[in-house]
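One letter stands for each residue in the lines below.
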Amino acid sequence: MNYVDKHKHNVTMQRKKLMVDDQIAHAQQERGVLILITGDGKGKTTSAFGTAFRALGHGMRVGIIQFIKGTQATGEVIYLAQQHPQLSYHAMSTGFTWDTQDWEKDKSAAEETWIQAKRMLSDPEIQLVVLDELTYMFTYEYLDITDVIQAIHQRAARQNVIITGRGAKPELIAVADTVSEIAAVKHAFQDGVKAQAGVDF
Ligand code: ATP
Ligand code: MG
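Residues numbered from 1 in each chain as written. Chains lettered and ligands numbered in written order. Predicted model: local features only at pLDDT ≥ 70, side-chain atom pairs only at ≥ 80, totals over all residues. Heavy atoms only, no water.

Our next topic: the coordination of the magnesium ion (ligand 2). On the protein side, the magnesium ion (ligand 2) has Thr45 (OG1) and Glu133 (OE) as donor atoms, found 2.0 Å from it. Here Thr45, found in helix 2 (residues 44-57), pairs with Glu133, found in the loop between strand 4 (126-132) and helix 5 (135-139); they are 88 residues apart in sequence, far enough to count as distant. Each member of the pair, Thr45 together with Glu133, is buried. (Donors = N, O, S within 2.8 Å, 3.2 Å for Na, K, Ca; no water. Helix = DSSP H or I, 4+ residues; strand = E, 2+ residues; numbered from the N terminus. Buried < 20%, exposed > 50% of the residue type's maximum accessible area, 1.4 Å probe, protein only.)

Structure (structure tokens):
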């Protein structure tokens, strides 16, 4: 970089800093947020668990509920369950019968799991609640979106919540404070690469 470029760069950076300082000065609210990670690309669940690691690192209590069909625990769950007494974990897996297409059975499994989620949402000691793959519960009409949104509204003021899953309904997008949509630009699976431990589960 020559002198002129360096000078230009410094001026740009200074302007940027002023802008960021101004934005920081404006962000003075202290409250819990609802984060929604949606979209067809890879990275939703791992993002939510990354945030759980952050919270645990600060000594916070974390609750994780997985609205999943599988019974095989992913690496992050195995690791967290072993390492952290600060974590409360619950998975729907038992009794979830996507394979048998039994809607009634799936619905009651979802409802039972939702009771656990509601318990976490009403516990102010839990600073972060992750509701992994929750969006599908509305896609398949296992849970009522209005009930869920109401419970999220009524949670402790400083509690943060992360919801993941594809195809988030507009109602959920509307009530979330932070929404990220991960686009599926490409995925190795489409290229014939087998799902692997440590990366995909
Ligand atoms: P991850 O758990 O890796 O963060 P995710 O939560 O965004 O992924 P899910 O839809 O829950 O995605 O699916 C989880 C599994 O499916 C992972 O094994 C992931 O690698 C794989 N997967 C995610 N997105 C895609 C995609 N677009 N095409 C193929 N496989 C995918
Ligand atoms: Mg996921």
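What follows is about the pairing of strand 4. Among the seven residues of strand 4, six are classified as buried, and the element is accordingly described as predominantly covered. As paired strands, strand 4 and strand 5 (residues 160-164) are joined by four bridges and run parallel to one another. Looking across to strand 5, one finds that Val130 is bridged to Ile162. (Pairing = 2+ DSSP bridges.)

All right, on to the site of ligand 1 then. The full set close to ligand 1 counts 14 residues, and Lys42, Gly43, Lys44, Thr46 and Asp200 are the nearest of them. One of the side-chain nitrogen or oxygen atoms of Lys42 is found 2.4 Å away from an oxygen atom of ligand 1. A distance of 3.1 Å is found between an oxygen atom of ligand 1 and a side-chain nitrogen or oxygen belonging to His187. If ligand 1 stood free it would expose 580 Å²; the protein chains cover 80% of that surface. Put simply, ligand 1 lies in the largest pocket. The residue makeup of the shell around ligand 1, split by class, is two nonpolar, six polar and six charged. (Near = heavy atom within 4 Å. Polar contact = N/O pair within 3.5 Å; in protein donor to acceptor, adjacent residues only side chain to side chain. Areas by Shrake-Rupley, 256 points an atom, 1.4 Å probe, with all protein chains shown as cover. 1 Å grid on protein atoms, 1.4 Å probe; cavity = no way out; pocket = protein on both sides within 12 Å on 5 of 7 lines; lining within 4 Å. Sits in = over half its atoms within 2 Å of the grid points. Nonpolar A, V, L, I, M, F, W, Y, C, P; charged D, E, K, R; others polar.)

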